[in-house]
Amino acid sequence: MKIKFIAIVSFLAFCFAIHPQTDVQTEKRIKEVIKKMTLPEKVGLLHGNSKFYTSGIARLGIPEWALSDGPHGVRAEMNRNNWKYAGWTNDSSTCFPPGTAMAATWNLDLTRQRGYVLGEEARFRKKDVLLGPGINIIRSPLCGRNFEYMSEDPFLISQLTVAYIKALQTKDVAASVKHFLGNNQEENRTSIDVNISERALREIYLPGFKAAVMDAGALTVMGAYNKFRGEWCTENNYLGRTLLRDEFHFKGVYMTDWNAAHSTEKAALAGLDLEMGTSKDDYNDWYFANPLINAVKEGRLKESLVDEKVANILRVMFKTKMFNTKSREKGSINTKEHQQVAYRSAVEAIVLLKNEKELLPLNTNELKSIAVIGDNATRKHCGGGLSSEIKTLYEITPLQALTQKFGSNLKINFAQGYKKQSSFFEDSNKGQLNTDSVDWKLIDEAVAQAKKSDVAIIFAGLNHDFDTESFDRIHARLPYGQAQLIQEVTKANPKTIVVIIAGSPLELSSIAYRVPALVWAWYGGMEAGNAVIDVLTGKEFPSGKLPFTMPVSVDQSPAHALGNFPGRDLKTNYEENILVGYRWYDTKNIQSLFPFGYGLSYTTFSLTNALTDKKDYEKKDQITVTVTVKNTGKRAGAEVIQLYSSQTKCSVLRPTKELKAFQKVFLQAGEEKTISLKVSVTDLAFYSEKTNCWIVEPGEFVLHVATSANNIHSSLLITANS
Ligand code: BGC
């Protein structure tokens, strides 16, 4: 038996050694292998046989498939048959700042590097599929999973997603882009019916998935828990067949989210390939196990449908070189290089929101003492958030980093300032209730430390009791009496810097007006402390830009303003339609606290000579916009140049602005660069619900060269002809 197994493995390896992995060769091999399988063997490939594995077929040399969470690190090993960790001692991994922080870097090269690292670490851990990236649109500030997702803007999401997936998959690991589609809230995520207009679907919610499949070649897609237009995503013919297979030509594996399968026949016909996480103890009872075998035996489903699914699985296995183990990426884990990428990712994510009188960067040579205040100065976050939680090799907190870097020269006066009053309950946000009490004793201690220090830094914000999978936040205020703490400390020491550690929008107006310096540092992954201290003290500079609008209050934001979050009677209708995020604020003329794309620097920039290469364009043309960016200050820095389009007259409502291109430019003091941004005329289209296709209505368009959605430097008028 063993000899036969080795012979088959060698045969498969041989085929792939001599044949390049052309599709023709792969398809031929897939057909041959399928012919040798029995129906139960085929079906065995289509459902989990444990929490994160599927069975292989030993006699045919098909190995088991190992899947693992998640988007910002490789999750620690779980037990095969329950949700507890396996307790391994060799499964810690590099932990990156989560999705919104990745988006805040606006740096595709860094995103690529993250993809390579994750791929290498996943391979080292012998994983075949890494579940992520999570790319649902940030529709409401309150969605618990915003921190894991990326942005409110489909273009930014698409660019990052493509960079991440392409890089990851070069390491012979399949990405699983999730959650397809409309998992934009956690409340009732397993029962809510999401209704999105066709135009909003095409313009806002679909582009990231389309780019993941068509531009990055994502090998797997994860179907969301919710219903979409009345049908579960995992058995929704429009999602699984019409869009994924017919329009996007997806040839990979469409899998369920964990426990998101609801049927055998309907799901099978709608294009689902793989059932994972179903909460029935006997794996044989799962929808894509014995019930699928019976459906074929009883003639309710054709065996060719099963073959199609098996082919999708095998295709991904071939593409990730599972039958060519010699040339497959071996991977590496926790290397210094990986940690350096995590560090850079944390540094470049940091957004400087306010910096009066150039309080930052701190000149540590002139300081004698610093008050460090707040629970988030000492709290570690990598291990939270539920499925994306990471058992990291280490995590540096801000206080640790400051002490290690400056402890011998500076007096560091620490005070906790506020206490974490929340707790985490799976599937319920009740741990967030009653978490607003003000602890005046802690505040008094903090005030005393602030008074006797040259400057005070408050590490405030949230933690993963709030930013988490499984439920939404109940409000967007700072919990635990932090507003009072900040107010009192700022009174005691006017040189107070507030650093927010959080992954999704917060209501910060009262704080933003009160404090001289405000920094958004996200959950910074394993290098969080080093990154934030290096930025605050000027070893590094802040260059992040907000990937979402920071509202003054939640009820300004579209889903809330229109009263359709989190929905009624388990239905939610996205009435704001295409006006999501800054598209809403701009078009409705609503003043946010900080706009999308916003972030300051320690230096200043000038943008000059913004030009388009022509004035009149045909439909097939590409528009090139050039602009000269100069660092006019005294320090190095980076600016993210953003290009937004608007159409002056159109037969349908269009958002005032839509992001079409961006580039992050790094400049030494005094340095200048001329950059070009490219937009195809077809990218200026809107999706017409009348004709069910993308239309560029001829006429005038304006291209805005900007450094945030509200900070426009030049507006260039062009004409698009039909
Ligand atoms: C989450 C997925 C995750 C899966 C496996 C689900 O609860 O929604 O994002 O990949 O669990 O842990």
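Structure first, text after, so check above.
Q: Would you explain the sheet that holds strand S22 (residues 672-680) in this entry?
A: Within a beta sheet, neighbouring strands are joined by backbone hydrogen bonds and run either parallel or antiparallel to one another. One open sheet holds the 3 strands; their spatial order is S17-S19-S22, and the pairing between them is antiparallel. The open sheet has two edge strands, strand S17 (605-612) and S22, and neither has a second partner. Looking at each pair of strands side by side, their axes are set apart by 20° on average, direction ignored. Looking at chain direction, strand S19 (residues 622-631) and S22 are connected through 9 bridges and run antiparallel.

Q: Help me understand the site of the ligand in this model?
A: The ligand sits among 14 residues. The nearest are Asp-69, Arg-145, His-179, Asp-257 and Glu-469. Taking Lys-178, its side chain carries an N or O atom lying 2.9 Å from an oxygen atom of the ligand. Note that an oxygen atom of the ligand is positioned 2.7 Å from one of the side-chain N or O atoms of His-179. Contact with the protein chains removes 95% of the 310 Å² of surface that the ligand exposes when unbound. Counted by class, the shell around the ligand contains 5 nonpolar, 2 polar and 7 charged residues.

Q: Explain the packing of helix H13 (residues 336-349) against helix H18 (residues 528-536) to me, please; I cannot follow it from the model alone.
A: Packed helices, taken two at a time, are described by the angle their axes make and the gap between the axes. Two elements in contact, H13 and H18, have axes whose closest approach is 8 Å; the angle formed by their N-to-C orientations is 45°. Classified by the angle their axes make, H13 and H18 are oblique. Considering how the two elements wind past one another, H13 and H18 form a crossing that is right-handed. Counted together, Tyr-343, Ala-346 and Val-347 of H13 and Asn-530, Ala-531, Asp-534 and Val-535 of H18 form the full contact between these two elements. Split by residue class, the contact of H13 with H18 holds 5 nonpolar, 1 polar and 1 charged.

Q: Just checking my understanding: could you explain unusual backbone geometry for this structure?
A: Leaving glycine aside, a negative phi is the common case for residues, and trans is the common case for peptide bonds. Cis rather than trans, the peptide bond between Asp-69 and Gly-70 has omega equal to 15°. Along the polypeptide, Gly-70 turns up in the loop between strand S2 (65-69) and helix H4 (99-105). A cis amide bond links Leu-360 with the next residue in sequence, Pro-361, at an omega value of 0°. Within the secondary structure, Pro-361 sits in the loop between strand S10 (351-355) and strand S11 (369-373). One non-glycine residue, Asn-188, lies in the positive phi region at around 55°. Looking at the secondary structure, you find Asn-188 in the loop between strand S4 (174-180) and strand S5 (193-195). A relative accessible area of 32% means that Asn-188 is categorised as partly exposed. If you check the backbone angles, Trp-522 has positive phi at about 60° while not being a glycine. Secondary-structure assignment places Trp-522 in the loop between strand S15 (517-520) and H18. Judged by relative accessible area, which is 1%, Trp-522 ranks as buried.

Q: Just checking my understanding: could you explain the nonpolar core for this structure?
A: For soluble globular proteins, the rule of thumb is that nonpolar side chains tend to be buried together. Counting residues in each nonpolar core, the largest one holds 118 residues, and the members touching the most others are Ile-62, Trp-65 and Leu-314. With 9 residues, helix H12 (residues 303-319) is the single largest residue contributor to this core. Leave out the neighbours within four places in its chain, and Ile-62 touches Val-33, Met-37, Leu-45, Gly-56, Ile-57, Leu-314, Met-317 and Phe-323. Ala-104, Ile-138, Ala-349 and Ala-521 belong to the second largest nonpolar core, which has 78 residues in total.

Q: Is there a simple way to explain the sheet that holds strand S7 (residues 227-228) in this structure?
A: If you walk across this open sheet you meet the 4 strands as S8-S7-S5-S16, and the pairing is mixed. Each end of this open sheet is capped by a strand with a single partner; those strands are strand S8 (231-232) and strand S16 (571-573). Of the strand pairs in this sheet, S5 and S16 are connected by 3 bridges, and their pairing is parallel. Its bridge partner lying in S16, Asp-193 is registered against Lys-571.

Q: I tried to follow the environment of Tyr-149 on my own but got confused; where do I start?
A: Mapping Tyr-149 onto the fold places it in the loop between strand S3 (129-134) and helix H6 (154-169). Placed 390 residues apart in sequence, Tyr-149 and Lys-539 show a C-alpha to C-alpha distance of 29 Å. Contacts of Tyr-149, omitting those with residues within four sequence positions, involve Gly-99, Thr-100, Gly-134, Ile-135, Asn-136, Ile-138, Cys-143, His-179, Asn-183 and Glu-186.

Q: Would you mind showing me how to read the packing of helix H2 (residues 23-35) against H12 here?
A: H12 packs onto H2 with a crossing angle of 125° between their chain directions and a minimal axis gap of 10 Å. What the angle tells us is that H2 and H12 run oblique. Of the two possible hands of crossing, H2 and H12 adopt the one that is right-handed. Where H2 abuts H12, its residues Asp-23, Thr-26, Glu-27, Arg-29, Ile-30, Val-33 and Ile-34 lie against Asp-307, Val-310, Ala-311, Leu-314, Arg-315, Phe-318 and Lys-319. Class assignment of the residues belonging to the contact of H2 with H12 gives a composition of 7 nonpolar, 1 polar and 6 charged.

Q: I would appreciate a short explanation of the pattern of salt bridges in the present structure.
A: Pairs can form between side chains of opposite charge whenever their charged atoms are close. One pass over the full model with this rule turns up 51 salt bridges. Between Arg-29 and Glu-32 there is a salt bridge; the shortest N-O distance is 2.1 Å. Taken as a pair, Arg-29 and Glu-32 lie in helix H2 at a separation of 3 residues, close to a single helical turn. Judged by its relative accessible area of 5%, Arg-29 falls in the buried class. Residue Glu-32 is classed as partly exposed on the basis of its relative accessible area, which comes to 29%. Linking Glu-77 and Arg-125 is a salt bridge whose minimum nitrogen-to-oxygen distance equals 3.3 Å.

Conventions adopted
Residues numbered from 1 in each chain as written. Predicted model: local features only at pLDDT ≥ 70, side-chain atom pairs only at ≥ 80, totals over all residues. Heavy atoms only, no water. Pairing = 2+ DSSP bridges. Helix = DSSP H or I, 4+ residues; strand = E, 2+ residues; numbered from the N terminus. Axes fitted to C-alpha atoms, helices over the stretch in contact; angles between N-to-C directions. Near = heavy atom within 4 Å. Polar contact = N/O pair within 3.5 Å; in protein donor to acceptor, adjacent residues only side chain to side chain. Areas by Shrake-Rupley, 256 points an atom, 1.4 Å probe, with all protein chains shown as cover. Nonpolar A, V, L, I, M, F, W, Y, C, P; charged D, E, K, R; others polar. Parallel < 35°, antiparallel > 145°, perpendicular 65-115°, else oblique. Left-handed = near helix turned anticlockwise from the far one by under 90°. Contact = heavy atoms within 4.5 Å. Buried < 20%, exposed > 50% of the residue type's maximum accessible area, 1.4 Å probe, protein only. Core = buried A, V, L, I, M, F, W, Y, C linked by side-chain atoms within 4.5 Å. Salt bridge = Lys/Arg side-chain N within 4 Å of Asp/Glu carboxyl O.

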